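# Fold and geometry: a report
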Amino acid sequence: MTGRVMSLADNLPVAGVSVAVKDHPGNGAMTDVNGNFSVTVPAGKSTLIVSFVGYTTQQVDVTAGQTGVQVTLAADVQQLNDVVVVGYSSKKQSELTSAVTVVSSNKLKDVTANNVGTMLQGKVAGLQVVNSSGAPGSTPEIRLRGVSSVNANQNPLFVVDGIIGGNYDPNDVESVTVLKDAASTALYGSQANAGVIIVTTKKAKQGQTKFEAKVSAGFRTADFGKMNLMNSNELYDYQKEFYRDYIVGASDNTYKIDLNKFYAERPLTLRNQDYDWAGESFKAAPMYNFYLSAAGRTEKNDYYVGLSYYNEKGTFLNTKYERVNLRANSTYHFSKKLDITNNINISGSQGKSYDYMDVYYSFLNMPWDNPYDTNGNPIYVDGNSTFKWWSRDKINPIHTVNNSDHSYKGFDLNYDLGINYRITSWLTFASTNRIAAAFNKGVNFVSPLAAGTYHGTGYLDELNTLNYGIVSNQLFKFDFRLGDHAISGFAGAAFEGGQTEYSGASGKGLPEGLRVLNVVSSNQLVNGYLDKAFLQSLLSQVNYNYKEKYFLSASLRYDGSSSFAPSKQYGTFPSVSGAWLLSNEDFLADNNIISNLKLRASYGVTGTQDIGASRYLGLYSLTTQYNSVVGAVPYQLESPNLTWESKHQVNLGADIGLFKRVNLTVDVYRNNTKNLLLQVSQPLSVGFETKWENAGNVINKGIEVGINSTNIQNKNFEWSTDFSINFNSNKLYGLPSSIVKTSGTWSISQIYRNGGNLYEFYMPKWLGVDAQTGAPVWEKVVYDSEGKAVASEKTSDYAQATIQEVGSALPKFQGGFNNSFRYKNLNLRVSTYFNYGNKVYSNNLTFMMNDGHEPYYNQIKLPDGAKVWSGPGDTQATEPSPQNSSNSTATSTRYLRDGSYFTIRNIALSYTLPKAWAKRINMDGISVGLTADNVATFSNFLGQDPQTTIQPSTYAMPGVSDFKYPNNRQYLLTVNFNF
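Below, the structure is looked at part by part. (Residues numbered from 1 in each chain as written. Predicted model: local features only at pLDDT ≥ 70, side-chain atom pairs only at ≥ 80, totals over all residues. Heavy atoms only, no water.)

This part is about the packing of aromatic side chains. One pass over the full model with this rule turns up 59 aromatic pairs. On the numbers, 5.1 Å between centres and 75° between planes, the contact of Trp746 with Phe847 is edge-to-face. Residue Trp746 is located in the loop between β39 (739-742) and β40 (749-752), and its partner Phe847 is located in helix α9 (residues 844-848); the two are separated by 101 residues in the primary sequence. Using a relative accessible area of 28% as the deciding quantity, one classes Trp746 as partly exposed. (Phe/Tyr/Trp six-rings, centres within 6.5 Å; stacked < 30°, edge-to-face > 60°. Helix = DSSP H or I, 4+ residues; strand = E, 2+ residues; numbered from the N terminus. Buried < 20%, exposed > 50% of the residue type's maximum accessible area, 1.4 Å probe, protein only.)

Here is the structure:
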């Protein structure tokens, strides 16, 4: 008899499905690439058992000689992602003893981006994804289970196809596995302190060569959040407040607006001069993504080739990003024992960045200034311009953008070689190796025609960066069974080494029209340096399984790093975990409610050495000169005892399946990072302010909940839901003393103290406006003789205001809520993300709600309920009098806002054409989709998008919003062809 197997989700054939005849196992068959099968059944009636990983098993009654049997398989929420890539191996989901989340390509492809991080937002419990910039080519900041270090890099480790690091294109991704606890991450030792994200790229799934082509095109618009700028008339009326008859201390104040003086200094004609700086500087911009792939399998070879092109024009003037990527994966089966895998990924990119000050002026310049002349050309403006230019700084950013360039370009090459040799039925040798090289060049150019520092001279700065390195893993893997006992694991060694070389030059004195380094005539500067690092490791893991009910796993990694002194180079990172699969016990067999129940527990240690090379050495700087020869100046104190930060992690978890429709995962964790790598203050007599030492702990404690359910499922309609939430608390302990970090640019401070939080803002509390005087008011805390706070009072003297802890930039909880619907061939997916409990300092408001301190900056429209003080007894006033506003814009909680938000992250609507229609043009399948990203954000935050950097750097402080390149709304049409 014959038949065909189709997928309920997309009505496409399913290849490789097992079709067995009940009670006659020898009569089984497999479906071909078109889903067809032919099987021999005995005379009379029989039952077919149709099964495939990821689908519910079907039993179909048939009779001998029957033809054209149609079988439809529905996705099984209990078996999806049945095989999970973890560490240096793969396991069945039922065997997992650790906290792991898998996201398939189907759940990633609703968002089109140049990176997987953006696609993961709201899809993994405990994974915080922050799009802190909308600049073309920018990547999000990612944090897993909070921030566990003060100075070390907190980005998760990315592993591509089993090898640390690597490059890929999102179109080539088959699945993403997020490893959260030490039971899963300790195998990566000192590099897994912030978690691990494993990217598995596509490989052939069926014999016949299959092609896929995808075209996406659309546009982006800038999202300004609630930073609504005043137009010409609104600003004109607002500035009347600057002309009230109010002199502090005078007895004859009338508190009325002096209109005569106002009109003399602000002519009525200004109402007709209305230029929208932000609207003209940020325009709708096109975006394109093209992808073509081929995949197939022969008796000897599995192969996949993918080519993609991504082009994104920036919404801000003269910014863009484009990237081309080629990936080829091939596994050649030389024999039943030997497989060799060759993967290569080549990518090239180029783009144009921007200058922060150009964005700054695009928001702050006043609508009374027009940047164009009568011919539509940007006009030159500086302090010597004879015409009236109202904006405070005599800068026309549009002219500057047209006469400057901030371009970059580069290429990246990864080649992977894998050897898999089955020595015996239970022992395999696996060798995975990668050679990587990358070159990047960045250019900052300012023409002599541009206003500002380099007018008349111009400026050119070029920096070249060359990276190259190798990763090599050599493992012996074993897997055997003794009765009810199954033992598997591996042991081996790993090595990583690389070098980064920098070279560049800069100078001024460029002739107009030229932008090459050999013509710079003054302030010439050449710079260059290199950085080497290596890591060598021994690693092992043993997994034990008894009767598919009881699971134990233990691993050990021994790392040696060049970042520490020889006596401190090596660190040991162990883990142990266990699980009990209760649903396989007899007392839960055939339970109608609980279809899956597993309890998990794990403990392990990971580490970090990621603070830069040579921190343990006493260093001298050789960048100065004395008497025309190189001079050495002490630069860094020696720290010979400097050693690893180590994160000790405990995780308890449960996986619960209900009614064969709902999967619930709950994890409770406590992560204690010890021996923090800190710059500790030194006595003045030492001659250095700080020294690198190991001191202090960061403890993260939290709960994660993940739910996925199939709410409705039948032939014509499906509705499934994913929900995740993570609660996390963060505390510091063991610090030698309190540390106050202040941003060098804006004097915004955060305090690190024992018992306190990371990224805790430290500033006076704003209490509003004095109703009688219109002066700003802050809180002054009164202490007793023992230093205990006993009362508080108001003060209008900023110097007397008490500096206090006022909230952390880290959220209390965050997560996602996503729903997918299918009606016949029509699919709809709505993805959302939420973030609650963090503080964001809206530094933009310092300039754009400035109470007249800077009357020649544009202002934002005051929020509902806001009112400028107008006279004694004005109890409704929320904004101080411009005549009595001393220090009103100084750092305080006035501009510290609740950063909580809920965003409709993505809406994707697609339609799969009927199979018969596609066949008419020799296609296996065609789908058409519309997607919208960053659809809407709901928040009380006043300013730009509340998604603000959580990465400390020289020019940025976590939780400080400061005229960032706005995030974008994106609208795309996508057509996908399979043939």
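Before going further, it helps to examine the pairing of strand β30 (residues 594-608). As paired strands, strand β29 (residues 570-581) and β30 are joined by seven bridges and run antiparallel to one another. Opposite Ser577, over in β30, you have Ser602 as the bridge partner. (Pairing = 2+ DSSP bridges.)

As for its position among the elements, Gln121 is in the loop between α2 (116-120) and β11 (127-130). Separated by 2.8 Å, the side chain of Gln121 and the backbone oxygen of Val129 make a polar contact. There is a polar contact of 2.7 Å between the side chain of Gln121 and the side chain of Arg905. Not counting the four nearest positions on each side in its chain, Gln121 is found in contact with Val129, Asn131, Tyr833, Tyr901, Arg905 and Gln947. (Polar contact = N/O pair within 3.5 Å; in protein donor to acceptor, adjacent residues only side chain to side chain. Contact = heavy atoms within 4.5 Å.)

Positioned with a positive phi, Asp161 is a non-glycine residue whose angle comes to about 50°. Positionally, Asp161 belongs in the loop between β13 (157-160) and β14 (163-164). Not every positive phi belongs to a glycine, and Asn934 is a case in point at roughly 50°. Secondary-structure assignment places Asn934 in strand β51 (residues 925-938).

The next point concerns helix α7 (residues 356-364). For α7, a buried count of seven out of nine residues is recorded, marking the element as mostly surrounded by other parts of the structure. Every buried residue belonging to α7 is among Asp358, Val359, Tyr360, Tyr361, Ser362, Phe363 and Leu364, and all of these are buried. N-cap assignment for α7: the residue whose side-chain oxygen lies 2.8 Å from the backbone N of Met357 is Asp355.

Here the structure, examined in full by the defined rule, presents 36 salt bridges. Taking the shortest distance from any N to any O, the salt bridge between Asp161 and Lys203 comes out at 3.7 Å. Note that Asp161 is positioned in the loop between β13 and β14 and Lys203 in the loop between β16 (196-201) and β17 (210-222), a separation of 42 residues in sequence. Judged by its relative accessible area of 17%, Asp161 is buried. A residue is classified by how much of its surface remains accessible, and Lys203, at 38% relative accessible area, is partly exposed. Measuring nitrogen to oxygen at the nearest pair gives 3.3 Å for the salt bridge that ties Arg481 to Glu548. Of this pair, Arg481 sits in strand β25 (residues 459-482) while Glu548 sits in the loop between β27 (522-546) and β28 (550-561), and the two are 67 residues apart along the sequence. (Salt bridge = Lys/Arg side-chain N within 4 Å of Asp/Glu carboxyl O.)

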